[in-house]
Amino acid sequence: MVQISANSKIALLVLLLTVSGFSAPVIATASSTNAQSPNHGHLNLGLEGNLQEKTTSNNSTQIRHKDPSKVQSQEELANLEQWLAGQLGSRLKSSTVKLNQGEYQAANSVVGDRYNKLLGKYVDVAGRTKGTKDDQRIKKFKSAKNNQSKYSSKVGKYRRTYKKYQRAKKNGNDQKARSLARRLNNLSTSINRTSGNLTNNYQTISNSTGADLSPQQETVQKITSNVTHQTAEVRSAEFVKTEISAEIESSEVSFQEPITVTGELVDENGTELSNETIRLQLGGNRATTATTDEDGDFTITGRPAVLPLGQQTLTVEHVPNASSIYLGSNTTVEADIQQAQPTITLSQSPKHGRFNKTITVSGRVHVDGVGDKGIPVIVKSGKTVIGNTTTQEDGSFTLSENLSTAVPTGKRQIQVSVPLQNRALAFTSTRAPITIHPTNTSLNITSQSLNQDNLSVSGNLTTANGVPLSNQTVILRANGSQVGTVTTDSNGTYTSQVQLPPSLAATNKTHVRLSAVYSGNGTNLDATQASSLIRLQPATSSNSFLLWAGVAGVGVLLTIGGFAIQRSGWFTDSEEPAEPAIQENQLAPDTDIEEAKETKEVTIREWADQAATALAENDLQTAIETSYATGRQYYLTVDETISEAGRTHWEFYRLCQDRDFTDREIERLKQLTTLYEQATFTTATPTREDAETAVNLANQYASEMVETASDTSN
């Protein structure tokens with residue numbers, strides 16, 4: 001090994017100081033150069049038109065529009081809001097032009113993604129302006145977009161259907177032509193309704209923004225008129241008009257006293273029509289039907305269940321089949337709806353449940369033993385909806401659903417209800433007990449240092465059997481300090497970039513322990529965690545050329561200096577001494593502490609000492625976690641028959657409860673396990689009091705192990 005005399009060391013020190021003085025300006029220049037921004041105010045929102053700086057003839061610049069988040073004054077916000085409203089109106093105009101040209105898909109595209117992005121920016125701006133008028137305009141722009149899309153789609157569908165109708169007529173296929181004609185009639189009704197909504201949107205937007213959308217109103221009205229006229233011709237060619245008459249036997253009705261309607265169906269010439277379908281609407285998706293007899297008469301009965309209370313207008317309609325020559329007709333009757341109290345009787349409910357396992361609930365909804373179809377039923381546990389269904393003809397129902405993660409572990413209640421308010425059937429519910437069991441989970445983490453301050457992290461959260469767990473929150477910690485949270489996607493995957501807190505970034509540590517923690521709070525999933533030891537990237541300047549030029553200069557001078565020193569005889573060769581051995585409890589200066597912990601056995605006393613050291617350094621998270629490791633090792637050492645493989649902290653506690661430990665030992669383990677769970681699996685920051693309690697427990701375990709060892713040796 002080469003040894004250097006004291007004089008030689010002084011000479012080398014002088015040389016290094018000289019080199020430092022030379023290279024520092026070079027590196028400093030690189031840093032200051034990098035600090036300058038290459039962009040001097042150019043803004044681009046990705047909006048329609050030119051949103052960047054506009055250069056005038058006198059070389060001055062004027063920012064026409066800015067990023068909404070950077071605009072400060074109300075005047076600037078108002079200008080930007082006006083511009084965005086103009087862009088939205090322009091797209092509505094363009095869509096109508098495409099619509100008038102028969103380009104229905106293009107008409108939809110104009111008010112598609114680009115329109116949505118503009119509207120999103122409009123919402124951002126409106127949120128920062130005073131008053132509520134712009135909030136109303138937002139609703140109208142949203143409604144206009146939806147109605148424009150619906151109108152374009154329906155008109156396009158009408159035109160395609162009309163062409164099919166013409167081909168069927170040309171080919172002599174009267175049955176198909178009549179079926180298509182009925183479809184055209186239904187589309188025409190829908191187009192007329194949407195047209196009215198859309199032109200109202202145009203008028204409101206014109207009044208509130210100053211944009212002239214009257215030509216677009218006229219275009220839509222013209223298209224609608226054309227559809228209406230064309231449909232009238234088709235109806236005249238294909239259908240015979242009908243007329244329905246109806247009356248209600250008793251206007252006061254309820255679930256126990258159902259609605260009974262009688263009536264007659266005739267054609268436009270007064271001829272009675274037999275074997276035609278009559279339908280009575282009962283609210284929601286509920287309806288009942290009957291068929292006319294040979295004289296065109298009908299009687300139809302239905303039990304109100306979801307109809308609102310009080311005086312209601314009910315529709316009775318003739319519903320021809322698709323190929324019928326008759327055109328449908330309708331009339332109305334008046335009824336006074338009274339309320340009835342239903343009962344739910346359960347025939348099957350689960351006693352136990354677990355995530356992703358099917359639970360089945362069966363029963364019947366009835367009033368005094370009488371049931372009916374179409375009554376809504378909802379099954380919940382707490383505030384979590386497990387599923388919903390409707391009853392069959394006799395009021396029976398069966399619901400089978402996989403249990404979600406949102407029903408917490410423990411003894412719970414299944415609530416089955418008819419979720420109605422102020423309807424013909426009153427609200428009612430019943431309950432049954434269920435025990436929800438926890439499901440083991442698995443979490444992994446992959447991380448990489450981007451630079452001295454930032455880390456990328458990704459991983460997966462699944463059940464122990466590999467089922468992905470979506471929409472779950474994972475806490476990210478660096479050396480015990482929380483640095484962020486992330487939510488898993490539909491595949492149970494999470495990805496994020498985290499920034500180290502200043503307290504860690506400023507320590508110039510070469511490694512950091514990044515942990516991902518899933519608490520399982522409020523779910524039926526077990527807590528789990530994973531960690532990864534990351535070597536941090538050294539801080540570097542972004543101007544690599546100047547930096548490496550400085551480094552190269554250092555290398556050249558050191559080479560010259562070293563050669564000169566060697567030529568001067570300042571170095572003498574001697575035998576290389578043996579390197580000192582690293583003791584069992586000693587680490588080499590460059591050895592990472594965390595890696596050493598993973599590669600050598602640590603005694604309980606050493607664990608307790610490390611916990612105390614972490615407490616002294618105010619690393620409360622590590623102090624509690626290391627104290628828990630101390631306690632866990634104590635129980636494993638005292639009872640060597642205990643296997644901890646794959647056991648969570650509470651599973652380990654319950655295992656120790658079944659062993660020959662004293663009540664005091666079990667109580668201490670419970671206290672330590674609680675502290676560990678609070679520190680590791682919640683977002684709360686550990687308190688110093690909790691850390692001191694945990695370290696005190698760890699010291700007790702260590703002292704008792706010394707006493708046990710002493711008793712054994714004696």
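Quick summary incoming for the structure in this document. (Residues numbered from 1 in each chain as written. Predicted model: local features only at pLDDT ≥ 70, side-chain atom pairs only at ≥ 80, totals over all residues. Heavy atoms only, no water.)

Considering the environment of Arg 654
Counting through the fold element by element, Arg 654 comes out in helix α13 (residues 649-657). Taking the relative accessible area as the measure of exposure, Arg 654 reaches 45% and is therefore partly exposed. Along the chain, Arg 654 and Lys 670 lie 16 residues apart, while their C-alpha atoms are 9.3 Å from each other. (Helix = DSSP H or I, 4+ residues; strand = E, 2+ residues; numbered from the N terminus. Buried < 20%, exposed > 50% of the residue type's maximum accessible area, 1.4 Å probe, protein only.)

Let's talk about the side chain of Thr 242
By the secondary structure assignment, Thr 242 is in strand β4 (residues 242-248). A polar contact of 2.7 Å, which involves the side chain of Thr 242, links it to the backbone oxygen of Leu 327. A polar contact of 2.9 Å, which involves the side chain of Thr 242, links it to the side chain of Ser 329. Thr 242 has contacts with Leu 265, Val 266, Asp 267, Leu 273, His 318, Tyr 326, Leu 327, Gly 328 and Ser 329, leaving out every residue within four places of it along the chain. (Polar contact = N/O pair within 3.5 Å; in protein donor to acceptor, adjacent residues only side chain to side chain. Contact = heavy atoms within 4.5 Å.)

A few points about the nonpolar core
With 42 residues, the main nonpolar core has Leu 92, Phe 141, Tyr 151 and Tyr 165 as its most contacted residues. Every residue in contact with Phe 141, bar those within four places of it in the chain, is listed here: Ala 85, Leu 88, Gly 89, Leu 92, Tyr 115, Leu 119, Tyr 122, Ile 205 and Thr 209. In this structure, Ala 527, Ala 608, Ala 614 and Ile 666 belong to the second largest nonpolar core, which totals 36 residues. (Core = buried A, V, L, I, M, F, W, Y, C linked by side-chain atoms within 4.5 Å.)

A word on the pattern of salt bridges
Note on pairing: side chains with opposite charge can pair once their charged atoms come close. Counting across every chain of the model gives ten salt bridges. When the shortest N-O distance is used, the salt bridge between Lys 98 and Glu 103 registers 3.6 Å. On the basis of relative accessibility, which here comes to 35%, the residue Glu 103 falls in the partly exposed class. The salt bridge involving Asp 639 is made with Arg 659; its shortest N-O contact spans 3.6 Å. Here Asp 639, found in the loop between α12 (620-638) and α13, pairs with Arg 659, found in the loop between α13 and α14 (663-680); they are 20 residues apart in sequence, far enough to count as distant. A residue is classified by how much of its surface remains accessible, and Asp 639, at 16% relative accessible area, is buried. If you follow the salt bridges from partner to partner, you end up with Arg 664, Arg 668 and Glu 704 in one network. (Salt bridge = Lys/Arg side-chain N within 4 Å of Asp/Glu carboxyl O.)

Topic: the sheet that holds strand β12 (residues 343-348)
Strand order in the open sheet formed by three strands is β12-β14-β17, with antiparallel pairing between adjacent strands. Because the sheet does not close on itself, it has two edges, and the strands there are β12 and β17 (396-402). Taking the axes of each pair of neighbouring strands and ignoring which way they run, one obtains an average angle of 30° across the sheet. Judged from the seven bridges that link them, strand β14 (residues 358-366) and β17 form a sheet pairing that is antiparallel. In the strand pairing of β17, Val 361 is matched with Leu 399. (Pairing = 2+ DSSP bridges. Axes fitted to C-alpha atoms, helices over the stretch in contact; angles between N-to-C directions.)

Some thoughts on the sheet that holds strand β15 (residues 376-381)
One key point about sheets: their strands pair by backbone hydrogen bonds, in either a parallel or an antiparallel sense. In space, the five strands of this open sheet follow the order β13-β19-β18-β15-β16, with mixed pairing throughout. The strands lining the two open edges of the sheet, one partner per strand, are β13 (352-354) and β16 (384-390). With direction set aside, neighbouring strand axes in the sheet form an average angle of 30°. Sheet analysis places β13 next to strand β19 (residues 428-437), joined by three bridges and oriented parallel. Looking across to β19, one finds that His 352 is bridged to Thr 435.

Side note on the packing of aromatic side chains
The description of an aromatic ring pair uses the distance of the two centres, along with the angle that the planes make with each other. Using the criterion set out here, one finds eight aromatic pairs in the structure. A centroid spacing of 4.9 Å and a plane angle of 80° characterise the contact between Tyr 635 and Phe 661, whose relative ring orientation is edge-to-face. A residue pair is termed long-range when its members are at least 10 positions apart, and Tyr 635 in helix α12 and Phe 661 in the loop between α13 and α14 qualify at 26 residues. Judged on exposure class, the residue Tyr 635 and its partner Phe 661 are both buried. An aromatic cluster of at least three residues, connected via ring pairs, comprises Tyr 634, Tyr 635, Phe 661 and Tyr 701. Over the ring of Phe 255 we find Arg 303; its NZ or CZ atom is 5.7 Å from the centre of that ring. In this arrangement the basic side chain of Arg 632 is found over the ring face of Phe 652, its NZ or CZ atom lying 4.3 Å from the centre. (Phe/Tyr/Trp six-rings, centres within 6.5 Å; stacked < 30°, edge-to-face > 60°. Lys NZ or Arg CZ within 6 Å of the ring centre and 35° of its normal.)

Brief notes about a negative patch on the surface
Together, Glu 272, Asp 293, Glu 294, Asp 295 and Asp 297 give the surface a local cluster of negative charge. By relative accessible area, which is 68% here, Glu 294 ends up exposed. (Patch = residues over 30% accessible without salt bridge, like charges linked within 9 Å, V, L, I, M, F, W, Y side chains within 5 Å. Areas by Shrake-Rupley, 256 points an atom, 1.4 Å probe, with all protein chains shown as cover. Lys, Arg positive; Asp, Glu negative; His and termini not counted. Charge placed at Lys NZ, Arg CZ, Asp CG, Glu CD.)

Read these as layout, nothing more, since geometry by itself doesn't imply function.
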